[in-house]
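# Observations on the three-dimensional arrangement
What follows is each chain in one-letter form.
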Amino acid sequence: LLNILLLALLLRKFLSRPFLILTAAFLFAISPWAFFYSRFVYEGNLALFFLLLGLILFFSKTSLVNLSLSSFFLALSVYSHHNTKIVIPLLFAFLFFKKLKGVNLAQKATFLIIFLALLSPLLPSALSKSGVFTRGAMTSLLTDQNIRQQVLNDIHNYPSGTLPLPIIRFVHNKFVYFAKPFL
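One structure accompanies this document, and this report is about it. Being a predicted model, the structure only gives us computed values, none of them experimental.

The rules behind the values
- Residues numbered from 1 in each chain as written.
- Predicted model: local features only at pLDDT ≥ 70, side-chain atom pairs only at ≥ 80, totals over all residues.
- Heavy atoms only, no water.
- Buried < 20%, exposed > 50% of the residue type's maximum accessible area, 1.4 Å probe, protein only.
- Helix = DSSP H or I, 4+ residues; strand = E, 2+ residues; numbered from the N terminus.
- Arc of directions from axis to C-beta.
- Axes fitted to C-alpha atoms, helices over the stretch in contact; angles between N-to-C directions.
- Parallel < 35°, antiparallel > 145°, perpendicular 65-115°, else oblique.
- Contact = heavy atoms within 4.5 Å.
- Nonpolar A, V, L, I, M, F, W, Y, C, P; charged D, E, K, R; others polar.
- Expected span 1.5 Å × (residues − 1).
- Polar contact = N/O pair within 3.5 Å; in protein donor to acceptor, adjacent residues only side chain to side chain.
- Left-handed = near helix turned anticlockwise from the far one by under 90°.
- Core = buried A, V, L, I, M, F, W, Y, C linked by side-chain atoms within 4.5 Å.
- Patch = residues over 30% accessible without salt bridge, like charges linked within 9 Å, V, L, I, M, F, W, Y side chains within 5 Å.
- Areas by Shrake-Rupley, 256 points an atom, 1.4 Å probe, with all protein chains shown as cover.
- Salt bridge = Lys/Arg side-chain N within 4 Å of Asp/Glu carboxyl O.
- Phe/Tyr/Trp six-rings, centres within 6.5 Å; stacked < 30°, edge-to-face > 60°.

## A few points about helix α6 (residues 84-99)
All of the buried residues in α6 are T84, I88, F92, L95 and F96. Burial along α6 is one-sided: seen end-on, the buried residues are contained in an arc of 95°. Exposed residues lying more than 90 degrees from the buried face of α6 are I86, L90, F97 and K98.

## Re the packing of α6 against helix α7 (residues 105-119)
A pair of packed helices is captured by two measures, namely the crossing angle of their axes and the spacing between those axes. At a minimum axis distance of 11 Å, the contact between α6 and α7 shows a crossing angle of 170°. With respect to their mutual orientation, α6 and α7 come out roughly antiparallel. When α6 is examined against α7, the residues I88, P89, F92 and F96 are found in contact with a partner set consisting of K108, F111, L112 and F115. When its residues are assigned to classes, the contact of α6 with α7 shows seven nonpolar, no polar and one charged.

## Some details on helix α4 (residues 43-59)
Across its 17 residues, α4 extends 24 Å between first and last C-alpha, which sits within 8% of the 24 Å expected from 1.5 Å per residue. Of all the 17 residues making up α4, 13 are buried; the element is thus mostly covered by neighbouring parts of the structure.

## Here we look at the environment of N3
Summarising the element assignment, N3 is placed in helix α1 (residues 2-12). Between the C-alpha atoms of N3 and L53, which are 50 residues apart in sequence, the distance is 8.8 Å. Excluding residues that lie within four positions of it along the chain, N3 makes contacts with F28, N45, L48, F49 and L52. One polar contact links the side chain of N3 to the main-chain carbonyl oxygen of N45, over a distance of 3.3 Å.

## Brief notes about the packing of α1 against α4
One way to put it is that α1 packs onto α4 with a least axis distance of 9 Å and a crossing angle of 25°. When the axes of α1 and α4 are compared, the pair comes out roughly parallel. Every pair of crossing elements has a handedness; the one defined by α1 and α4 is left-handed. Between α1 and α4, the residues in contact are L2, N3, L6, L7, L9 and L10 and N45, L48, F49, L52, L53, L55, I56 and F59, respectively. Here the contact of α1 with α4 is built from residues that sort into 12 nonpolar, two polar and no charged.

## A short note on the nonpolar core
Within the largest apolar cluster, 33 residues are counted, with the highest numbers of intra-cluster contacts made by L74, L100, F111 and F115. For this core, the element with the most residues is α4, which contributes nine residues. Leaving out residues up to four positions away in the same chain, F115 has contacts with S71, L74, A75, I88, P89 and F92.

## As for a nonpolar patch on the surface
On the surface, F14, L15, F19 and L20 cluster together into a nonpolar patch covering about 390 Å² of accessible area. Counting through the fold element by element, L15 comes out in the loop between α1 and α2 (18-30).

## Overview of the side chain of S80
On the secondary structure map, S80 appears in helix α5 (residues 64-80). Within the local environment of S80, its side chain forms a polar contact with the backbone oxygen of S77, the two atoms lying 2.8 Å apart. With residues near it in sequence (within four places) discarded, S80 still touches E43, L46, A47 and F50.

## Here we look at the packing of aromatic side chains
If you walk through the whole model with that rule in mind, you get 10 aromatic pairs. Summarising the aromatic geometry, the rings of F96 and F97 are spaced 5.1 Å apart at their centres and angled 85° between planes, so their arrangement reads as edge-to-face. Looking at F96, the relative accessible area reads 15%, which means it is buried.

Structure representation (structure tokens):
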């Protein structure tokens with residue numbers, strides 16, 4: 001329920017026509033994703049809440065308090081859902097480099113320091129090979145060991161001397177095997 005209100009408040013900063021704002025809020029309210037997952041505690045809703053709140057504060061009147069709170073809530077959204085570990089730092093970099101051009105150095109520094117300080121506990125796992133990509137490797141369709149084994153078997157059993165190995169690998173790879181049922 002709060003996400004609907006926050007979405008309307010954020011859109012109010014960019015749109016001047018109330019009909020568009022209410023339509024967008026209504027469509028979000030009846031969307032299956034928002035409706036179904038709002039019925040129980042789901043980390044995606046919490047991430048969206050922190051993201052919307054951070055963006056509202058960022059696009060509000062530029063002040064040290066608003067930028068500090070915006071940075072705080074954007075950093076909190078990183079802790080609330082796995083996907084935001086990729087999206088929020090990119091969004092933060094865009095906001096920092098493109099939207100804070102006319103802001104004084106103290107406000108920029110505060111915005112950056114708060115964000116980095118809150119995300120510093122995540123840096124060791126983010127910089128390790130197993131930390132960032134573990135969930136992606138577990139949930140990716142392309143890491144299926146059966147497909148990998150089938151590709152290796154087909155490459156190994158391909159008649160030798162008929163085609164160069166790079167062409168055989170181009171035809172027999174996990175992306176092609178994954179796409180076969182959809183073609």
